[in-house]
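# Inside the fold
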Amino acid sequence: IATAINNCGTTFRDYRDGHGKTGFNQHYLNVYGRAGKGCPVCRQSLIRLVVGGRGTVYCRSCQT
């Protein structure tokens, strides 16, 4: 989380911070939008599921 804060957050569309800047943490995401593809660490297939109405992607092997 500290890294994301230092990167001014994650901007996919039109988010701007209080100074009108977009974040750039989206360039450091490892699994976002990669469901079904290989985990960058262990190469197992990434899983997408919905939790509380929000989608999430994770590695069953690395994130147990």
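This section reports on the structure supplied with the text. (Residues numbered from 1 in each chain as written. Predicted model: local features only at pLDDT ≥ 70, side-chain atom pairs only at ≥ 80, totals over all residues. Heavy atoms only, no water.)

### A word on the overall build of the protein
Looking only at helices and strands, the protein has 1 helix and 2 strands in total. The order of α-helices and β-strands along the protein, N terminus first, is α-β-β. On C-alpha atoms alone, the protein measures out to a radius of gyration of 14 Å, which is more than a quarter above the 11 Å that the 2.2 N^0.38 rule sets for 64 residues. Along the longest, intermediate and shortest principal axes, the C-alpha atoms of the protein span 40 × 25 × 20 Å. Looking at the protein residue by residue over its 64 residues, the buried ones come to 12%. For the protein, contacts bridging at least 24 residues in sequence account for 3% of all contacts bridging at least 6. (Helix = DSSP H or I, 4+ residues; strand = E, 2+ residues; numbered from the N terminus. Rg over C-alpha atoms; globule rule 2.2 N^0.38 Å. Buried < 20%, exposed > 50% of the residue type's maximum accessible area, 1.4 Å probe, protein only. Contact = heavy atoms within 4.5 Å.)

### Topic: a nonpolar patch on the surface
Together, Phe12, Leu29 and Tyr32 make up an exposed nonpolar region whose accessible area comes to about 320 Å². Considering the arrangement of structural elements, one finds Leu29 in the loop between helix H1 (2–6) and strand E1 (46–51). Judged by relative accessible area, Leu29 falls into the partly exposed class, the value being 34%. (Patch = residues over 30% accessible without salt bridge, like charges linked within 9 Å, V, L, I, M, F, W, Y side chains within 5 Å. Areas by Shrake-Rupley, 256 points an atom, 1.4 Å probe, with all protein chains shown as cover. Salt bridge = Lys/Arg side-chain N within 4 Å of Asp/Glu carboxyl O.)

### Details of the environment of Ala4
Inspection of the secondary structure puts Ala4 in helix H1. You can call Ala4 partly exposed: its relative accessible area is 24%. A sequence separation of 23 residues divides Ala4 from His27, and the C-alpha atoms of the two residues are 10 Å apart. Once residues lying within four places of it in the same chain are set aside, the contact partners of Ala4 are Gly9 and Asn25.

### Details of the pairing of strand E2 (residues 54–59)
Bridge analysis of E1 against E2 gives 6 bridges, and the strand direction is antiparallel. In the sheet register, Val51 faces E2, and the bridge partner there is Arg54. Counting the residues that bridge the hairpin from E1 to E2 gives 2 residues, and of these Gly52 lies at a positive phi of roughly 60°. (Pairing = 2+ DSSP bridges.)

### What about the environment of Gly36?
Mapping Gly36 onto the fold places it in the loop between H1 and E1. For the pair Gly36 and Arg48, spaced 12 residues apart in sequence, the C-alpha to C-alpha distance is 7.8 Å. Leaving out residues up to four positions away in the same chain, Gly36 has contacts with Ser45 and Leu46.

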